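As a plain string of letters, each chain reads:
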Amino acid sequence: MTAASQTATLTGFAVLPADTFRPGPTSGQFIQTANERHPPFMDQQPVQGFSALIKGENGTYIVLSDNGFGARDNSSDYLLSIYHIQPDFRTANGGTGGIRIGDIIHLRDPEFFLPYPAARTLEQDKTGTGNQTGPDTRLLTGADLDPESFRRVPDGSYWIGEEFIPSLLHFSGDGVMLASPYQLAGLNAVDNPTGEAANLPRSRGFEGMAISPDGKWLYPMLEGALEDEGPALNIYTFDIEEKLFVNINAGTPSYRYRLCEDASAIGDFTMFSKTAGLILERDSGQGDKALLKHVYRVDFEQLDEDGYLRKTLVADLLNIQDPHDLNQDGNQLFSFPFQTIEGLVVLGPTTLGIVNDNNYPFGHARDDSGAQPDNSEFILIQVDPLWD
């Protein structure tokens, strides 16, 4: 591993307040008070938990919600959604630093493609508050799936990587599930609702998923290692047109990635050329306990002596220069010390966009007093050129 030649610089900063809600069914009924937030949240849903990020049009971005409150057994009242957002980044030239919520897409399965019972009943969808998609829609919740990565293809549909089974899921542009989950032979997580024997720990499924620039291939990446495979995080290849994995089974990955010693997981994976991409790597600490939040460059054509992808440090997210004090904390050094940082987008050869998953109402990276949950923060950073 080699290091970047200079520290990244903060060039844009925007915040979505932690207590941002939208109308919907009552949520948080199965969680405890945290950071002085007292559930349940009556007739509303928190806009939180951004687990993936892609660039939209005209200054907008599209973000994917994760499963809600962190587990299957406490998230059956959280509706899985895709949000269109528009940040007004605070930069050296101005900007409010706010984020506006636009269209909201609820994920749903009206054709019963999910291979196990969904948490919400059809009767709940017909009568429940916040149903914006009509009756008989079978709205999906955080007890059904744990979406962690996604990509949009030219026909406007979405491919989503999830962690419970784990599997790849295909949804229409307006959130309708189009087929049964696409599973890789021999890959089963502890949370798999189908009950198959597990060889992957809980919450270690398809955390990151890159797409090739030509839109032909998806590269789903595991967050954790398979049992008995040491430190290897596997990257697989999925043929979008044929709708199948090219790998024979879970034990035959296309590429392998090795975490740093202090890291516990990856947060995202994105490509910026046919062979080169970026991986967001993190530990599980937050606030002062955060030790490693890094962005690494990898290339499918560059392997180390053990066959792992060779990686080069692009940015240390705990050590970012902030000469214009864009987050207005009085310092010229900026840190992004969130436990889970799961959204990464390449906006140009020297510009990255990154958003945290604030784990509402539990995250407290910015305030360890127990009084204030984390906001959703969206930052732009300048790095050394990724290409000429």
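Structure's up top.
Now for a description of the structure that goes with this document. All values derive from a computational prediction rather than experimental measurement.

Each helix and strand in the protein chain was counted, giving one helix and 25 strands. Against the compact-globule benchmark of 21 Å for 388 residues, the protein chain has a radius of gyration of 20 Å, which places it among compact chains. Taken along the three principal axes of its C-alpha coordinates, the protein chain extends 60 × 50 × 35 Å. The buried share of the protein chain, taken over its 388 residues, is 57%. Put simply, 56% of the contacts in the protein chain that link residues at least 6 apart link residues at least 24 apart. Total accessible area computed for the protein chain in this model is approximately 15,200 Å², and 46% of it derives from carbon and sulfur atoms. Positive and negative charge centroids in the protein chain, built from 26 and 55 side chains respectively, lie 2 Å apart.

Tracing the chain through its elements places Gln286 in the loop between β18 (276-282) and β19 (293-303). The buried category is assigned to Gln286, whose relative accessible area is 17%. In this structure the side chain of Gln286 is engaged in a polar contact, spanning 3.3 Å, whose partner is the backbone nitrogen of Ala365. Excluding its chain neighbours within four sequence positions, the residues that come into contact with Gln286 are Pro337, Phe338, Gln339, Gly363, His364, Ala365 and Asp374.

What counts, and where the lines are drawn
Residues numbered from 1 in each chain as written. Predicted model: local features only at pLDDT ≥ 70, side-chain atom pairs only at ≥ 80, totals over all residues. Heavy atoms only, no water. Helix = DSSP H or I, 4+ residues; strand = E, 2+ residues; numbered from the N terminus. Rg over C-alpha atoms; globule rule 2.2 N^0.38 Å. Buried < 20%, exposed > 50% of the residue type's maximum accessible area, 1.4 Å probe, protein only. Contact = heavy atoms within 4.5 Å. Areas by Shrake-Rupley, 256 points an atom, 1.4 Å probe, with all protein chains shown as cover. Lys, Arg positive; Asp, Glu negative; His and termini not counted. Charge placed at Lys NZ, Arg CZ, Asp CG, Glu CD. Polar contact = N/O pair within 3.5 Å; in protein donor to acceptor, adjacent residues only side chain to side chain.

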